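# What the coordinates show
Single-letter residue listing:
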Amino acid sequence: RSLVRTPVSEEHRSGVYIVQYKEQGEPISRVFILRFQKWGIAEHLDEGKDMLSAIIEADTYSDYIMDRRLACRQLGMNLPKHVGFGQFTEKYTGKNQYHGTTIRAYYYVRQYVHGIASDKVTPERFHNPAFAHKFAELMGAAAALDIVVGRRTTETNEPIFDKNYEVLQIDPKGLPVRLIVTDHAGSFVDYETPLAQGVAPYANVVRRREKFVMDFAEFAKTYVSAFERRLKEVQDAYRERRSAFDDLFMGRPYDRAGSFAYRWTCVLRRLDACDPHEVAEALKKAIQS
């Protein structure tokens, strides 16, 4: 089962697998993470849809997943460099009339990211001021990108930052040197809330560790400063090369009901309209409240 600290709906395939394999002649084995597509053909058949509609909607959702990944990388999110897409056949065992029919299941595979998930870092590590400082810097910068792409749970609309996906890589001295977001799950769920109004939950990143750090004021200041700096960098990058962002999904359907091309436009418009300092001040107040 996934270790993510968010509810897992029983209506969807939620299996996450660790795959280790070694090819003949290779000196070492390789480790990958395999995750099934949440909305596949079987899930749509379970909704009572006909086979053709189920296939089309599953394929459309596959495009949606990969489009979101491309968008996150365009904005600067540090995701795994390569993600593979695969499929295999299985028997449909649901209650639809197609029970017993052979269908396809879709999955995604990426290289395993070594490190420590931010929410699994033990309290003792924060006793080291150098560790706390680097943690606050990396998490603050990552939080800025997280709020830009509006990562939330689809079912409850709750923020999912600092709940499994952010992995810190540690150097030989025991200090964080980089942060990798292992999965862009939940991105572009919230594409309309002004950033200053939606920033409050990100205060929990530092507040939940208040009793572990030596200097909480400095810890919070570092986090907020990194957040504001990264948010401004992303905004500047967009303003400097608008067409590279605006035209990225011009070939995709544009539907105000929530197509990805529409969500992308809304996210860019929201980014352009925000005042990074104002958003950072709202975050600061939320931490102090």
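In the block above lies the structure referred to throughout.
A short tour of the structure in this document, coming up.

Rules and cut-offs
- Residues numbered from 1 in each chain as written.
- Predicted model: local features only at pLDDT ≥ 70, side-chain atom pairs only at ≥ 80, totals over all residues.
- Heavy atoms only, no water.
- Pairing = 2+ DSSP bridges.
- Helix = DSSP H or I, 4+ residues; strand = E, 2+ residues; numbered from the N terminus.
- Contact = heavy atoms within 4.5 Å.
- Axes fitted to C-alpha atoms, helices over the stretch in contact; angles between N-to-C directions.
- Expected span 1.5 Å × (residues − 1).
- Polar contact = N/O pair within 3.5 Å; in protein donor to acceptor, adjacent residues only side chain to side chain.
- 1 Å grid on protein atoms, 1.4 Å probe; cavity = no way out; pocket = protein on both sides within 12 Å on 5 of 7 lines; lining within 4 Å.
- Points joined across faces, edges and corners; volume = space filled by probe spheres on them.
- Nonpolar A, V, L, I, M, F, W, Y, C, P; charged D, E, K, R; others polar.
- Core = buried A, V, L, I, M, F, W, Y, C linked by side-chain atoms within 4.5 Å.
- Buried < 20%, exposed > 50% of the residue type's maximum accessible area, 1.4 Å probe, protein only.

### Describing the sheet that holds strand β5 (residues 116–117)
- What the three strands build is an open sheet, ordered β5-β6-β7; its pairing is antiparallel. In this open sheet, the two strands that pair with only one neighbour each are β5 and β7 (176–181).
- The pairing of β5 with strand β6 (residues 166–170) spans two bridges and is antiparallel. Directly across from Ala 117, in β6, lies its bridge partner Val 167.
- Packed on one face of the sheet, helix α3 (residues 129–148) meets β6 and β7 and runs near 25 degrees to β7.

### Quick word on helix α2 (residues 51–75)
- End to end, α2 covers 37 Å across 25 residues, agreeing with the expected 36 Å (1.5 Å per residue, within 8%).
- Two to three positions downstream of the cap, the backbone nitrogen of Leu 52 sits 3.1 Å from a side-chain oxygen, assigning the N-cap of α2 to Asp 50.
- The positive-phi residue at the C-terminal boundary of α2 is Gly 76, with phi of around 110 degrees.

### Here we look at empty space enclosed by the protein
- Per the counting criterion, the structure on display carries two cavities of 30 Å³ or more.
- Reported here for the largest cavity is a volume of approximately 60 Å³.
- Taken together, Asp 146, Ile 147, Gly 150, Arg 151, Arg 152, Asp 190, Thr 193, Pro 194, Leu 195, Gly 198, Tyr 202 and Arg 270 make up the full set of residues lining the largest cavity.
- For the lining of the largest cavity, the secondary structure elements donating two or more residues are α3 and α4 (195–198).
- Class assignment of the residues belonging to the lining of the largest cavity gives a composition of four nonpolar, three polar and five charged.

### Digging into the nonpolar core
- Core analysis: the biggest nonpolar cluster contains 64 residues, and Leu 75, Tyr 223 and Phe 227 have the highest contact counts within it.
- Elements with a contribution of two residues or more to this core: α2, α3, β7, α5 (204–207), α6 (216–240), α8 (260–273) and α9 (276–288).
- No other element matches α3, which puts 12 residues into this core.
- Setting aside its immediate chain neighbours within four residues, Leu 75 contacts Leu 145, Val 148, Val 149, Arg 230, Val 234, Phe 245, Trp 264, Leu 268 and Leu 271.
- Residues Ile 41, Ala 54, Ile 103 and Tyr 106 belong to the second largest nonpolar core, which totals nine residues.

Honestly, it's all geometry; don't read function into it.
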